[in-house]
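So you can see what is in the structure, the chains are spelled out below.
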Amino acid sequence: MAQRILVTGGAGFLGSHMCQRLIDDGAHVLCLDNFFTGQNRNLDIFKDNNQFECIEHDIVEPLSLDNIDQIYHLACPASPVHYQEDAVKTIITNVSGTINMLNLAKETGARLLLSSTSEVYGDPEIHPQPESYWGHVNPIGIRSCYDEGKRCAETLCFDYHRSHGVDIKVARIFNTYGPNMHPNDGRVVSNFIMQAINNEPITIYGDGSQTRSFCYVSDLINGLYSLMNSPDGVTGPINLGRPVEFTIKELAEKIIFLCNNGSEIIYQDLPSDDPKQRRPDITLAKEVLDWEPNIDLEEGLSKTIEYFKSINL
Ligand code: NAD
Ligand code: UDP
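Keep in mind it's a predicted model, so treat the numbers as computed, not measured.

The rules behind each value
- Residues numbered from 1 in each chain as written.
- Chains lettered and ligands numbered in written order.
- Predicted model: local features only at pLDDT ≥ 70, side-chain atom pairs only at ≥ 80, totals over all residues.
- Heavy atoms only, no water.
- Helix = DSSP H or I, 4+ residues; strand = E, 2+ residues; numbered from the N terminus.
- Expected span 1.5 Å × (residues − 1).
- Buried < 20%, exposed > 50% of the residue type's maximum accessible area, 1.4 Å probe, protein only.
- Arc of directions from axis to C-beta.
- Contact = heavy atoms within 4.5 Å.
- Near = heavy atom within 4 Å.
- Polar contact = N/O pair within 3.5 Å; in protein donor to acceptor, adjacent residues only side chain to side chain.
- Areas by Shrake-Rupley, 256 points an atom, 1.4 Å probe, with all protein chains shown as cover.
- Nonpolar A, V, L, I, M, F, W, Y, C, P; charged D, E, K, R; others polar.

Before we go on, may I ask you to explain helix 7 (residues 248-259) in this structure?
Side chains that are three or four residues apart share a direction in an α-helix, a result of its 3.6 residues per turn. When the terminal C-alpha atoms of helix 7 are compared, their 16 Å separation across 12 residues agrees well with the 16 Å that a helix rising 1.5 Å per residue should span. Along helix 7, the residues classified as buried are Ile248, Leu251, Ala252, Ile255, Ile256 and Cys259. Down the axis of helix 7, the buried side of the element spans an arc of 130 degrees, and every buried residue falls inside it. Looking at the buried side of helix 7, the elements it contacts are helix 5 (188-197), strand 8 (202-205), strand 9 (211-213), strand 12 (245-247), strand 13 (265-268) and helix 9 (297-311). Backbone geometry just downstream of helix 7 places Asn260 in the positive-phi region, at approximately 55 degrees.

See the structure below:
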């Protein structure tokens, strides 16, 4: 019988790719979303697919479902612009929402994978970041609702595992980009591409010397899938990301080059607590999951630019 798999945040960027991957695999997919940052457009492709169901629901409200084998727990706004819009709601989503999903896993015996984040390392003092690093997070800043929310969600997973035997997997995802990101998402790759294809100035925050390591979505989805299907006892946390680092200025220049237009670069204020550098140490993912990304930045950006051009008509 086909596995029944719940994807919270299934209408979002990563969630919609996860739904596609699981449908291709023969699973019956239940997508759960409150459409805060998710898009109907991302689900159009599944409209007539009898392997797919969408439940409009906010995970801060408890939910009862039968016969669930796996839960990919992705629901949470991921862009700083959106998670800061209602910071208290972001914390509730990460804490109460994760408790609700862990209770569902406990009731049904489902395995739960949490999409945690590199933000648990905060503005890191160790570089690159291994999973053993406990992080350098401001608990009271404007990013804290997300960073501390995710740290608490990780804690909840491990406490449900220790206290109730819930089968958990924790992925720490580093900056990921690709088709199905919202054009107004506010994250750097979608901002720069939308600005470049509309001939608007590219907005670099700060001097552009801060770094990020960008992973293309298909690589990341392979990593999440491998972690979910890894042997019992592998709980993570495991870093998933592409360990190649670029400055934000280099990213802007690459996107301007690939879009082949003359957008100028303008410099704006750097938001507070913006991490200065970020790169995953993926030794563990290589060893335990035999996983590493293989799409380089230029190839991934080209596919993403094509996508944004196709929806920008
Ligand atoms: P996204 O904003 O595109 O998707 C999040 C989805 O969750 C949206 O569909 C949104 O409507 C839904 N959602 C938010 N709050 C909800 C709630 N209370 N109830 C039900 N649904 C809710 O973001 P994404 O990039 O697809 O991120 C997915 C997950 O991966 C998030 O948990 C995020 O923290 C994590 N993550 C992503 C990245 C990345 O680079 N994309 C990096 C680290 C971690
Ligand atoms: N950034 C930028 N211009 C933008 C959007 C973001 O320079 O239009 C910068 C942001 O300040 C940060 C980096 O790009 O240093 C990545 O930002 P994003 O919001 O994508 O993710 P995060 O900061 O959570 O890694």
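Still to come is the rest of the account.
What is the right way to look at the site of ligand 1 in this model?
Close to ligand 1 lie 30 residues, the nearest being Asp33, Thr37, Tyr146, Lys150 and Thr176. At 3.2 Å from a nitrogen atom of ligand 1 is found a side-chain nitrogen or oxygen belonging to Thr93. A distance of 2.7 Å is found between an oxygen atom of ligand 1 and a side-chain nitrogen or oxygen belonging to Lys150. For ligand 1, whose free accessible area comes to 820 Å², the fraction covered by protein is 97%. At the level of secondary structure, the elements contributing two or more residues to the shell around ligand 1 comprise helix 1 (13-24), strand 5 (111-117) and helix 4 (144-164). Sort the elements by how many residues they give to the shell around ligand 1 and strand 5 lands first, with three residues. Looking at the shell around ligand 1 residue by residue, the classes come out as 14 nonpolar, 12 polar and four charged.

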